[in-house]
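Residues per chain, in single letters:
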Amino acid sequence: MLWVMLLLVAWGAAAVTCIRLCLVTAGAAQRRPGTDRAAASPELNLYETAFLAGGPQRVADLALVSMHLRRRLLLAHTGWATVVDPEGRDEVERTVIRAIGPEGQSRIAPLRAAAAAADAVRSLADRLVAAGLAVPHGTRTSLESAVRGVRGAAVLVVALAAVAMLMPGQGAGHAGPVAAWFGLPLVLTLGCLAIARMENHPYSPWASPSGQHWLDSLPAPARGADRDLLAAVAVRGVGALEDPDLRAAMLGGARTGF
């Protein structure tokens, strides 16, 4: 009964990957050193808030929108960024200007990627991790890897079940019991993924428990002022933009992929 061996392989893959995901999730949920100190009275700027809410890419988006609103940068709806004022007011803005290059123009998509990967953003992330507000890079990548492992196990279970049911020389009515047996590890993997998703949604994968508490405590931005618009972009991303031209510039730049 070769299908029993396939079933054992399916169970082994499901059990190992689900246990790993549970262990990684439990470790990520533990409070880290500095959390209590950080939770007492965190005073974060918009860049730091943007990182906790959306990671390095959100910081880059915030910098671009901020520079556009303050007439330091022109973001065209065609997906191009043009330097207006070459003097950045902080290191993130100076990073954006350097990424644009001496010609003073760049496509928005590669500009966002370069700004998100800059040393200034990595230093910001390190400060937040040290304060207990952000999830360390290793923890986040371990969780992502564990989730991919469970997804892979679910696909493997389905594939092995198909092989077991299509094996030649099986008696009549063989497929039903085999499918039922393979359904158990499949339910385990899918249930584990569902629980992991519920545990992390709608929470940011970048923020620690204290960092998420900080984000949850923020008041809803009022409409009208640039500061409120930037706060909305920091927390919700470019989807918070109401200006159709500016929104097209950011989303168009994201779609181009140049």
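Since the structure is predicted, the reported quantities are computational estimates derived from the model, not experimental observations.

Parameters at a glance
- Residues numbered from 1 in each chain as written.
- Predicted model: local features only at pLDDT ≥ 70, side-chain atom pairs only at ≥ 80, totals over all residues.
- Heavy atoms only, no water.
- Helix = DSSP H or I, 4+ residues; strand = E, 2+ residues; numbered from the N terminus.
- Buried < 20%, exposed > 50% of the residue type's maximum accessible area, 1.4 Å probe, protein only.
- Arc of directions from axis to C-beta.
- Patch = residues over 30% accessible without salt bridge, like charges linked within 9 Å, V, L, I, M, F, W, Y side chains within 5 Å.
- Areas by Shrake-Rupley, 256 points an atom, 1.4 Å probe, with all protein chains shown as cover.
- Salt bridge = Lys/Arg side-chain N within 4 Å of Asp/Glu carboxyl O.
- Disulfide = S-S within 2.5 Å.

Peer 1: Could you clarify how one ought to interpret unusual backbone geometry in this entry?
Peer 2: Among all residues except glycine, the phi angle is most often negative; among peptide bonds, the trans geometry is most common. Phi is positive for Arg 71, which is not a glycine, with a value near 60°. Looking at the secondary structure, you find Arg 71 in the loop between helix 3 (46-69) and strand 1 (73-75).

Peer 1: Sorry if this is basic, but what is going on with helix 5 (residues 108-116) here?
Peer 2: Within the sequence span of helix 5, burial applies to Ile 108, Ala 109, Leu 111, Arg 112, Ala 115 and Ala 116. Around the axis of helix 5, the buried residues are gathered within 165° of arc, so they sit on the same side.

Peer 1: Any chance you could explain a nonpolar patch on the surface here in plain terms?
Peer 2: Taken together, the side chains of Trp 11, Trp 181, Leu 184 and Leu 188 make up a nonpolar region of the molecular surface, amounting to roughly 380 Å² of accessible area. Counting residues per element, the nonpolar patch draws most heavily on helix 8 (residues 175-200), at three residues. Summarising the element assignment, Leu 184 is placed in helix 8.

Peer 1: Help me out: how do you make sense of the state of the cysteines in this one?
Peer 2: Cysteine pairs can be linked by a disulfide, which is a covalent bond between their two sulfur atoms. One pass over the structure, following the stated rule, counts zero disulfides. For the unlinked cysteine Cys 22, the closest cysteine sulfur is that of Cys 192, found at 4.3 Å. We classify Cys 22 as partly exposed; its relative accessible area is 48%. Residue Cys 192 stays outside any disulfide, its sulfur separated by 3.9 Å from that of Cys 18, the closest cysteine. Overall, the relative accessible area of 11% leaves Cys 192 in the buried class.

Peer 1: Please clarify how the pattern of salt bridges should be interpreted in this entry.
Peer 2: Where charged atoms from two side chains of opposite charge come close, those side chains can pair. Scanning the entire structure with this criterion turns up seven salt bridges. Residue Arg 89 pairs with Asp 90 through a salt bridge whose shortest N-O separation is 3.7 Å. Given a relative accessible area of 18%, Asp 90 falls into the buried group. Between Arg 89 and Glu 93 there is a salt bridge, with its nearest N and O atoms 3.2 Å apart. The exposure class of Glu 93 is buried, given its relative accessible area of 0%. What you see here is one network of salt bridges that share partners, running through Arg 72, Arg 89, Asp 90 and Glu 93.

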